[in-house]
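# Summary of the model geometry
Take a look at the letters that make up each chain.
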2 protein chains.
Amino acid sequence: MISSQVKSQLIEIVGSANYDDSNAGRLVYSYDATPQFQSMPDAVIAPRSTEEVSQIVKICNTHRIPIVPRGSGTNLCAGTCPTEGGIVLLFKHMNRILEIDEENLTITVQPGVITLDLIHAAEEKGLFYPPDPSSMKISTIGGNINENSGGLRGLKYGVTRDYVMALEVVLANGDIIRTGGKLAKDVAGYDLTRLFVGSEGTLGIITEATLKLIPAPETKKTVLALYQDIDSAAQTVSNIIAHKIIPTTLEFLDQPTIQVIEDFAKIGLPVHAKAVLLIEQDGTEEAVRRDIALIEEICTKGNAVSVQTAQTEAEAENLREARRTALSALARLKPTTILEDATVPRSEIAEMVKAINTIAEKHKISICTFGHAGDGNLHPTCTTDVRNSEEMKRVEQAFEDIFKKAVELGGTITGEHGVGEMKAPYLELKLGKAGIAAMKAVKQALDPNSIMNPGKIFAKDSLKRVVVTK
Amino acid sequence: MISSQVKSQLIEIVGSANYDDSNAGRLVYSYDATPQFQSMPDAVIAPRSTEEVSQIVKICNTHRIPIVPRGSGTNLCAGTCPTEGGIVLLFKHMNRILEIDEENLTITVQPGVITLDLIHAAEEKGLFYPPDPSSMKISTIGGNINENSGGLRGLKYGVTRDYVMALEVVLANGDIIRTGGKLAKDVAGYDLTRLFVGSEGTLGIITEATLKLIPAPETKKTVLALYQDIDSAAQTVSNIIAHKIIPTTLEFLDQPTIQVIEDFAKIGLPVHAKAVLLIEQDGTEEAVRRDIALIEEICTKGNAVSVQTAQTEAEAENLREARRTALSALARLKPTTILEDATVPRSEIAEMVKAINTIAEKHKISICTFGHAGDGNLHPTCTTDVRNSEEMKRVEQAFEDIFKKAVELGGTITGEHGVGEMKAPYLELKLGKAGIAAMKAVKQALDPNSIMNPGKIFAKDSLKRVVVTK
């Protein structure tokens, strides 16, 4: 609850146009892209500067009011659901690209910049920002940094973390700190930059970031390889890496996923193939030509029934775009779509895909699987109906089995979506009690009053991931 | 002080052969590669397993005994000087390469493995571990991880941090945790892996690490460009990057450095050039040929008086090796050598080199400058004599001016050497009070009794970096 006195203080900071505690206004920010999670905030506030964020945080810290920083809310872990009420902090005014520095190859941005706008701004200078989460058309860079977003190009280029060079952060006590710099090397104390990346808004509020850019690759080529068995496709993934080729992209899609994407996008995908690999390589003309020729050969030797290289960039972009629509396409099938991102070492991909199918059969539910095979980052996706509570219990049990299997294979419960509220009950599977205790100690140190996005990452008690009853 | 009872407990864990509290034994580990810092430990202990480390730590935590983990002690920040006494923990028994995983491109090692042995082991499998600190022939990987070591290949390939995928760490309470995994993507909670990298042994003891390997580059070429003015050399650095070429190595050496290296190594270096750039590119044959041709052109246009590409790998290795001996060569000049690593955005290299020369003149001391120009990571090096206390005061003042200038230019007080005891008084220049407070909170959270390498990173009070009186 926000008292009328605190409300007045907050309005004094941001102006009444940027403070909204109407029912309609709050309802809009009571959920994010994650199914099954909803909780009303007490107010929605849109600061215009770092200084305003700092003033807001000080008031919230004094009055123990939770703060949930939010970009576009595209996360899939209930990371921006206002679990314990409080204030949702929007960055709609803090959405400028502040600088592109061509000498140091950096871009400095406010958190509200849309990821794709940032990518395009870099491209206009012949530079390249590789992280490309599927939501990049609407996600913000602030959200990407808080969730340490991955994407299709992660295999070769890494994830958001690998591009964050410097941050401005407002801490829970209102202090404004600056970490890192336009520096390839900086070991002045602990790596706070990377501690904040992926911390899901639970340690502080990121108000500015300087990101690394790299020279744009000269060219790229895209291959589609079709398989009549999943094992051969998975084995091909291992074989490509074993040949010491690191493609930009190495995506896997199973037959049910291909079918729904084709129904949705209608671009002539091979709906009868049991599995498809979408492989992309970039670099110099010569290196790409050579790598793609070798990749085609490896696919063919690995029992691919068809191996085709896209003839034009438009054709390649169609394929990439089709892959990116997978979630939207799957979401059309049934009322509820639960998309997961259990991740394993890439050598375990075949084993994991088989395990997912066995688990789905055992619990009599429908799971499609696609994902970043080169990273071992799979997206087993269940289409179901939350109103069917008996089925939802089986879905719950299936995902718990999937997480356990991933960890057993040396993997993790989340490769790129984050823990949020949704996967908090499973974090102990990956970290053990001692690992969680260490993380909680860090949280307590930086946010002693637990005002920074409370209810995320650390579970209360239950192993139940989806809140079935509302 | 270690009581006889505690001593018995420790000997029971490691055996009497691995516990040494003799004067001679302690003296050996009372200092590291950093001039001017020395402090006697109470004992030196060499555990044989993670379990033994955990048992030792529990005892130390109970009795508030400081622990200083130590590899080969090659650091240059007094990071392994037992500032507050206690136990020096050696990894001479924990020095095995545990696994090279060719499917997942990882190497798993114990902390005592020598860096160059690790690099060679990877090369035997056609794989590549890029970080190459100049001390790599004797430094250990555990030390590299604790200091987040850089090296000559950092410009293109990044630093140690960028290759650490998973750690086993013994925390101050004796808990053994495992962070990360053989996973390209993992966002299960805070990035503890990177929090421990570069934490200088102040948060926990690293007992095992899994590192990323990459495919070895096909070929490499090395260019030496000579200049008669420093500005032209510095400008060439910027011009190369502006052409969107990221060389593997882009080293700068000033005339005095070249002279002493040549006196030391006698390989025919151009001792009359005012500045030299050592530039290396690796990759595919075609890409390297093209980049090197363009680099030669940029150097020539940028007023280089001579531009030569090494004709054989032996010749190139001679040049690299000469560069790596810079510290040893400089150390022969005078009794005391103080090598620093103030770092700036690469666009500020020319400005920084000029400022260093101005500062040296102002304080009437002799400073040579060389370093990783592409990273903005310079090594201004003062040859002096600690017995001359009047000169040492001027040296102190000069380095303080250099740090201030680096920070003013958007840089940092240390690019790759770490803070340790030596640069702790200057950390506030970079981080401000709020930044230091945040780091101290993290330290306090994970090591409440301050037993983990105490006296490092955080300053007590003085701005004096070098303890002149001993």
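Residues numbered from 1 in each chain as written. Chains lettered and ligands numbered in written order. Predicted model: local features only at pLDDT ≥ 70, side-chain atom pairs only at ≥ 80, totals over all residues. Heavy atoms only, no water.

## A look at the interface of chain B and chain A
In this assembly, 78 residues from chain B lie in contact with 79 residues from chain A. Counting each side, the surface lost to burial between chain B and chain A is near 6100 Å², with a carbon and sulfur contribution of 61%. A per-residue breakdown of the area chain B buries against chain A is headed by K185, V187 and Y190 of chain B, which together make up 16% of the total. Taken together, chain B and chain A are joined by 10 salt bridges. A salt bridge links K430 of chain B to D186 of chain A; the shortest N-O distance between them is 3.7 Å. Elements that contribute at least two residues to the side of chain B that touches chain A include exactly strand 9 (176–180), helix 7 (192–196), helix 8 (230–242), helix 10 (285–301) and helix 15 (427–446) of chain B. (Contact = heavy atoms within 4.5 Å. Buried area = accessible area lost by both parts, 1.4 Å probe. Salt bridge = Lys/Arg side-chain N within 4 Å of Asp/Glu carboxyl O. Helix = DSSP H or I, 4+ residues; strand = E, 2+ residues; numbered from the N terminus.)

## Concerning the nonpolar core
Among the nonpolar cores identified, the biggest contains 187 residues, and L211 of chain A together with F196 and L211 of chain B are the most heavily contacted of them. Considering every element that reaches this core, the biggest residue donor is helix 15 of chain B, with nine residues. If near-sequence neighbours (up to four positions away) are discounted, L211 of chain B is found in contact with L105, T106, I107, V109, L118, Y129, I141, I145, Y163, V164 and M165 of chain B. (Core = buried A, V, L, I, M, F, W, Y, C linked by side-chain atoms within 4.5 Å. Buried < 20%, exposed > 50% of the residue type's maximum accessible area, 1.4 Å probe, protein only.)

## Focus on the UniProt feature "domain: FAD-binding PCMH-type" (unreviewed entry) in chain A
With numbering aligned to this structure, UniProt lists the feature "domain: FAD-binding PCMH-type" (unreviewed entry) at residues 37–216 of chain A. Between the end C-alpha atoms of residues 37–216 of chain A the distance is 39 Å, and the span holds 22% helix and 24% strand. (UniProt positions renumbered as here; feature names shortened; annotations may be inferred.)

## Quick notes on the environment of K185 of chain A
Mapped onto the fold, K185 of chain A is located in the loop between strand 9 (176–180) and helix 7 (192–196). Distance in space between the C-alpha atoms of K185 of chain A and M165 of chain A is 9.5 Å, their sequence separation being 20 residues. At a separation of 3.0 Å, a polar atom in the side chain of K185 of chain A contacts the main-chain carbonyl oxygen of G151 of chain B. Here E416 of chain B takes part through its side chain, which lies 3.0 Å from a polar atom of the side chain of K185 of chain A. (Polar contact = N/O pair within 3.5 Å; in protein donor to acceptor, adjacent residues only side chain to side chain.)

## Some thoughts on the confidence of the model for chain A
Averaged over every residue, the pLDDT of chain A is 94; residues scoring 70 or more account for 98%. Across residues 464–470 of chain A the pLDDT falls below 50, and counting only partners more than four positions away or on other chains, this stretch makes 25 contacts in the model. (pLDDT = per-residue confidence, 0-100.)

## A word on the relation of the copies chain B and chain A
Least-squares fitting of chain B to chain A yields an RMSD of 0.0 Å, with the superposition described by an axial translation of 0.0 Å and a rotation of 180 degrees. In the structure described here, the two chain copies are related by an operation that fits a two-fold rotation axis. The share of interface residues of chain B whose copies in chain A are also at the interface is 100%, consistent with both copies meeting through the same surface. (Least-squares fit on C-alpha atoms with pLDDT ≥ 70 in both.)

## Details of the domain arrangement of chain A
All names here are of chain A. Domain boundaries assigned for chain A yield domain 1 (4–90), domain 2 (97–215), domain 3 (219–322) and domain 4 (334–417). Using only C-alpha atoms to locate each centre, domain 1 and domain 2 end up separated by 22 Å. If you look at the interface, domain 1 gives 16 residues, while domain 2 gives 16 residues. Between domain 1 and domain 2, a total of about 1200 Å² is buried, with carbon and sulfur atoms accounting for 65% of that surface. In terms of surface lost to domain 2, no three residues of domain 1 exceed T50, P69 and T74, which account for 35% of the buried area on that side. Linking domain 1 with domain 2 are four residue pairs in polar contact (both at pLDDT 80 or more), by the criterion used here. Elements supplying a minimum of two residues to the side of domain 1 that touches domain 2: helix 3 (50–63) and strand 3 (67–70). Grouping the amino acids of the side of domain 1 that touches domain 2 by side-chain chemistry returns six nonpolar, eight polar and two charged. (Domains from an automatic or database assignment. Nonpolar A, V, L, I, M, F, W, Y, C, P; charged D, E, K, R; others polar.)

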